[in-house]
Amino acid sequence: MIGFNTVLPLSADTSVSHFLSLCRKWQEGSPFRTLPLDDREIYDGLRYTSDLESLEFVLVEAESGIHCGVRHVRKDEDGEWWTDVIGCKTDDAFTVAVVSSRSHFDLATDAELPKTPYIVGMLIRETGPMFDDGVQIETAAKEVTADNLPLIAQLLNCERQNRLPVVYVSKPFFGADYLVDPIRLGQRLGGLAHVFYETDSDVSKTLRDLTDGKNAYNGSIGIYWPNRNYKRFFVREESGVIDRKIQNYIKRVLNTRRTPDECRWSHLQRLKFQQKVERHRAGAEEAEILLEYALEDNEKMREQLKHLEAENLYLREQAQMFYSGDLDAKTAIVFKGNEPELFPNEQAELVLDVLEEKLRTGNCSVRIRNMLASILDANERTNNKDAFLAQLKAVLTESGGLSAKGKRELIRMGFELTEDGKHYKLAIKNDGRYAHPISKTPSEYRSQENNFSQLKKRFF
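Residues numbered from 1 in each chain as written. Predicted model: local features only at pLDDT ≥ 70, side-chain atom pairs only at ≥ 80, totals over all residues. Heavy atoms only, no water.

1. A closer look at the pairing of strand β12 (residues 221–224)
Working step 1: What you see with β12 is no split at all: I221 and I223 on one side and G222 and Y224 on the other are buried throughout.
Working step 2: Pairing analysis gives 4 bridges linking strand β10 (residues 166–169) to β12, with the strands arranged antiparallel. By the bridge assignment for β12, V166 is matched with Y224. (Buried < 20%, exposed > 50% of the residue type's maximum accessible area, 1.4 Å probe, protein only. Helix = DSSP H or I, 4+ residues; strand = E, 2+ residues; numbered from the N terminus. Pairing = 2+ DSSP bridges.)

In structure tokens:
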């Protein structure tokens, strides 16, 4: 399978008939529609077909609840797209899964994930408020405020039973540009994730105390999964690039989650088969009809088996991506650690420097030297560290001491600046472990050089 997978908790007040009518309305507005739709009452087995599309409704009442939904199949030159919108309604809940998948695909060419199906937004808008353990599911980003800060802290600490991940977009300490546009990201991830964004960077300090430092801050983005898997991104890229990577990352991980049995097309067909067997045993039907149905069902199971085999292949490929240290689906030799970076590729440059030093010392076998050389040749070197240190030196050795402009530049570079008597205290990324004092009024130029040299030796 390659496609789209999400589970939505509809309001229990939503009726089955309203849900099914929305499923048909979804197809009426489709730009690809070639189906001869009408207004007849929707029943189990209702089917619309054309040369390129089919739409089949299912409605089964069982002890576990009322199972209902639709399967849409659209053909193209590369195969078929299946979209299942299946719900299970009980007295106190109405769970709906939306799963879109391709019946045949090639991992080498079918790398682009589909957009969120229009019906996801339609269900959110037209079935009443949906809540994911108290968090409303919306097609919009939520602003961080003093009122919802305790709730956000619980989500980041994995103290709630939410099913959807949380994307937290922090505001830079200096400047107004977000890493991505949070409003647009919230619209694109509606029904897939809860998107929160800061409008005041001061809340980062409060949230740091409530989450023991797990919050994203100073312009970074954190993605928090209910199972305690956590990703934090600091990379400064073109906004559209990181925006698309986050969307695809969340979609790919959600695709690895198993759809609930009660919301699977195959489960509904199995319920129908069981009910048919029970009616036959009660003498409601002839054995010949049952045999015909069993043969038909067997053929459907063969089709389903092929689909599951393809799905299994896809999930094995995605497992490697999910546990990687970045958004790109590439297999890395070493994963990035959780320590924040002051400049792009800081961790990568450090690892390559260590490997280069190991190669330079010659304290290894010929094979190890060749292996180290091949790794260094395969990785493009950057000089971000040298550029960063040159900029830092220019600020710290400025004539006349640290100016107001220099202070702003240090904050922009990722330092927190506080006054401590006759000294300033520089802390990297607001982290007390990485604090260093510098004199407010250096007596001579050499002392400014010493300030920089000591800071460089201590932390770089």
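Now, onward.
2. Details of the sheet that holds strand β3 (residues 53–62)
Working step 1: Here we have 6 strands laid out as an open sheet, ordered β1-β6-β5-β4-β3-β2, and antiparallel in their pairing. A single partner strand is all that each edge strand has here, and the edge strands are β1 (3–10) and β2 (47–49). Along the sheet, successive strands turn relative to each other by an average axial angle of 10 degrees, direction set aside.
Working step 2: Examined bridge by bridge, strand β5 (residues 79–89) and strand β6 (residues 94–102) share 9 bridges and lie antiparallel to one another. The residue of β6 that forms the bridge with D84 is V99.
Working step 3: Strands β1, β5 and β6 of the sheet are contacted by helix α2 (residues 118–126), whose axis makes an angle of about 10 degrees with β1. (Axes fitted to C-alpha atoms, helices over the stretch in contact; angles between N-to-C directions. Contact = heavy atoms within 4.5 Å.)

3. Brief notes about the pattern of salt bridges
Working step 1: Taken as a whole and judged by the stated rule, the model has 13 salt bridges.
Working step 2: Between D44 and K272 there is a salt bridge, with the nearest N and O atoms lying 3.4 Å from each other. Of this pair, D44 sits in the loop between α1 (16–28) and β2 while K272 sits in helix α7 (residues 265–281); the two residues are 228 residues apart in sequence, bridging distant segments of the chain.
Working step 3: A relative accessible area of 31% places D44 in the partly exposed class.
Working step 4: Across the pair D261 and R258 runs a salt bridge, and its minimum N-O distance is 2.9 Å.
Working step 5: Overall, the relative accessible area of 60% leaves R258 in the exposed class.
Working step 6: Beyond isolated ion pairs, a larger network of salt bridges with shared partners links R24, D38 and R40. (Salt bridge = Lys/Arg side-chain N within 4 Å of Asp/Glu carboxyl O.)

4. Points about the nonpolar core
Working step 1: Ranked by internal contacts, the top residues of the largest apolar core, which has 50 residues, are F19, F57, V85, V167, L189, I246 and I250.
Working step 2: Of all hydrophobic cores here, the second largest spans 17 residues; its members include L389, V395, L410 and F452. (Core = buried A, V, L, I, M, F, W, Y, C linked by side-chain atoms within 4.5 Å.)

5. With respect to the pairing of β6
Working step 1: Within β6, 9 of the 9 residues are buried, which leaves it mostly tucked inside the rest of the structure.
Working step 2: For β1 and β6, the ladder comprises 8 bridges, and the chain directions are antiparallel. Bridge pairing in β6 places F4 opposite S100.

6. Description of the confidence of the model for the protein
Parts of the model with low pLDDT should not have their predicted coordinates read in detail.
Working step 1: Per-chain confidence: the protein averages 81 in pLDDT, with 84% of residues scoring 70 or above.
Working step 2: Looking over the protein, one finds the lowest element-wise mean pLDDT in helix α8 (residues 287–322), namely 64, and the highest in strand β11 (residues 194–197), namely 96.
Working step 3: Here residues 107–111 is a poorly scored stretch, pLDDT under 50, and it has 9 contacts once near neighbours within four places are set aside; other chains count. (pLDDT = per-residue confidence, 0-100.)

7. Focus: the side chain of S220
Working step 1: Secondary-structure assignment places S220 in the loop between α5 (203–211) and β12.
Working step 2: There is a polar contact of 2.8 Å between the side chain of S220 and the backbone oxygen of Y217. (Polar contact = N/O pair within 3.5 Å; in protein donor to acceptor, adjacent residues only side chain to side chain.)

8. Thoughts on the environment of L359
Working step 1: Tracing the sequence through the fold places L359 in helix α9 (residues 346–361).
Working step 2: Residues L359 and L372, spaced 13 residues apart in sequence, show a C-alpha to C-alpha distance of 6.7 Å.
Working step 3: In contact with L359, other than residues within four places in its own chain, are R369, L372, A373 and L376.

9. Thoughts on the sheet that holds strand β15 (residues 423–428)
Working step 1: Strand order in the open sheet formed by 3 strands is β14-β15-β16, and the pairing between neighbours is antiparallel. Looking at which strands have only one partner, the edges of the open sheet turn out to be β14 (415–420) and β16 (435–439). Ignoring strand direction, the axes of neighbouring strands in this sheet form an average angle of 25 degrees.
Working step 2: In this structure, β14 lies alongside β15, joined through 6 bridges in antiparallel fashion. For F415, the partnering residue across the bridge sits in β15 and is I428.

10. A short note on the packing of α1 against α2
Working step 1: Direction vectors running N to C along α1 and α2 enclose 140 degrees, while the axes themselves pass 10 Å from each other. The orientation of α1 relative to α2 falls into the category oblique. The crossing of α1 and α2 is right-handed. For the pair formed by α1 and α2, the contact residues are H18, F19, L22, C23, K25 and W26 on the first element and Y118, I119, M122, L123 and E126 on the second. (Parallel < 35°, antiparallel > 145°, perpendicular 65-115°, else oblique. Left-handed = near helix turned anticlockwise from the far one by under 90°.)

11. Focus: unusual backbone geometry
Working step 1: Even without being glycine, D133 reaches a positive phi, approximately 50 degrees.
Working step 2: Within the element layout of this structure, D133 appears in the loop between β7 (131–132) and β8 (135–136).

12. A few points about the packing of aromatic side chains
Within a pair of aromatic rings, the relevant descriptors are the distance that separates the centres and the angle that separates the planes.
Working step 1: Tallying each qualifying case throughout the model produces 9 aromatic pairs.
Working step 2: Pairing Y434 with F459 gives two aromatic rings, centres 6.0 Å apart and planes at 80 degrees, and the pair type is edge-to-face. Taken as a pair, Y434 in the loop between β15 and β16 and F459 in helix α13 (residues 445–459) lie far apart in primary sequence, 25 residues in all.
Working step 3: Judged by its relative accessible area of 24%, Y434 is partly exposed.
Working step 4: The residue whose ring lies beneath R71 is W82, and the NZ or CZ to ring-centre distance is 5.0 Å.
Working step 5: Between the NZ or CZ atom of K142 and the centre of the ring of F196, over which it lies, the distance is 5.5 Å. (Phe/Tyr/Trp six-rings, centres within 6.5 Å; stacked < 30°, edge-to-face > 60°. Lys NZ or Arg CZ within 6 Å of the ring centre and 35° of its normal.)

13. Some remarks on the environment of I152
Working step 1: In this structure, I152 sits in helix α3 (residues 149–156).
Working step 2: On the accessibility criterion, I152 (0% relative accessible area) is buried.
Working step 3: C-alpha of I152 to C-alpha of L210: the two residues are 58 residues apart in sequence and 9.5 Å apart in space.

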